[in-house]
Amino acid sequence: MAQTMMRAIRYHRFGDPDVLQLERTPIPEPQTGEVLVRVISAGVLPIDWKLRKGLIPLPLKFPYTPGSALAGIVEAVGSGVSAFRKGQAVFGRSPNGTYAEYTTASVDSLALKPELLGFDEAATLSGGATTAWQALIHDGQLKAGDRALIHGAAGGVGLYAVQFAKWKGAYVVGTSGTANQNFVCSLGADEVIDYATTPFEKVVGNMDFVLDMMGGETLDKSWSVLKRGGTLVSLVAQPSQDKADEWGVRALKPARLASRKDLEDIADLIVEGHVKAEVGQIFSLSEARQAHELSQRGHGRGRLVIRVADE
Ligand SMILES: NC(=O)c1ccc[n+]([C@@H]2O[C@H](COP(=O)([O-])OP(=O)(O)OC[C@H]3O[C@@H](n4cnc5c(N)ncnc54)[C@H](OP(=O)(O)O)[C@@H]3O)[C@@H](O)[C@H]2O)c1
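With an unreviewed UniProt entry as reference, the protein is termed NADP-dependent oxidoreductase, source organism Cohnella luojiensis. According to the UniProt record, the Subunit (unreviewed entry) comment for the protein is "Homotetramer." Reading the Subcellular location (unreviewed entry) entry of the UniProt record for the protein gives the comment "Cytoplasm".

Right, let's get into the domain arrangement of the protein. Under the domain assignment used here, the protein contains domain 1 (5-124 + 277-307) and domain 2 (128-252). Taking only C-alpha atoms, the centre of domain 1 and the centre of domain 2 are 28 Å apart. At the junction of the two partners, domain 1 supplies 10 residues and domain 2 supplies 14 residues. Here domain 1 packs against domain 2, burying approximately 830 Å² in sum over the two surfaces, 45% of which is carbon and sulfur. When the buried surface of domain 1 facing domain 2 is broken down by residue, E278, R301 and R303 rank first, second and third, together holding 53% of it. Put simply, domain 1 and domain 2 have 6 residue pairs in polar contact (both at pLDDT 80 or more) between them. When its residues are assigned to classes, the side of domain 1 that touches domain 2 shows 1 nonpolar, 4 polar and 5 charged.

Conventions and cut-offs
Residues numbered from 1 in each chain as written. Predicted model: local features only at pLDDT ≥ 70, side-chain atom pairs only at ≥ 80, totals over all residues. Heavy atoms only, no water. UniProt positions renumbered as here; feature names shortened; annotations may be inferred. Domains from an automatic or database assignment. Contact = heavy atoms within 4.5 Å. Buried area = accessible area lost by both parts, 1.4 Å probe. Polar contact = N/O pair within 3.5 Å; in protein donor to acceptor, adjacent residues only side chain to side chain. Nonpolar A, V, L, I, M, F, W, Y, C, P; charged D, E, K, R; others polar.

Right under this line is the structure:
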């Protein structure tokens, strides 16, 4: 008899990491335009723990399975699907929870996984590379010769932002803690500022582009390092339009989700050797709590990944 049940992390209320439970639940069925994916690896994004704590004003239906970033293998296709077939390796995003052995996803939010990229590496792309792509390339319209300041350059988004900016031909300054200075250099940054010892606003200026992912003081102090006509993109707060007018810069918070074309463009850059994926620590499905505890600390390098299954 075909398998009908799967293991999945679920929570039944908002709370601390201990609300995450490993449970058995029915394998979902792909609807029209969707595929069923056997998840091999799931990326652990900061939004996953923010949702779990009830910090993001989105309506969640309990029990809720966390996770949106995935890499896995197409197990079945829904009606009307011609873009993928059973057995293909894919990566991308699902709105239906990826800390699970199976999930369903729209064909528009998936792309074929390049063979040279492992499943763990591919699970770092959605919500990491896609966010950086949206911020720098799509919305930010970064150009060759621009001077770009990337805050949080060692993290799951920042590591791709540094590499995309270098690929575009920008001069890149990254910020990170002391332990991650060499790592950010290895990504290609021209300068790295240790935020623990050096106030960035004292040592950089005349920037065309700033990527903020801290908000608060970091966002407040970022205006002064931009030249007039520059661009400030924040991932965590809608920047003040009054401040943008005062400093003569364009300021925005990205809203659009990555398309299949974005995923394919990013995969091409990886295959061509312009960009590399970086995995942080790897956890098993039953270690989802530990993964959230670590993600919540807000420090570290590379994307945390949950290895759900063997290939
Ligand atoms: N709106 C969106 O679409 C969207 C999408 C993705 C992410 N985000 C948000 O963007 C933020 C970053 O996401 P992520 O996935 O990159 O997180 P992450 O993987 O947890 O990385 C966070 C990084 O921030 C660094 N950091 C901590 N304090 C810092 C400071 N004061 N100055 C500079 N760097 C600092 C840490 O480096 P050290 O270890 O060196 O301290 C760490 O590498 C999160 O708040 C997330 O929710 C938003």
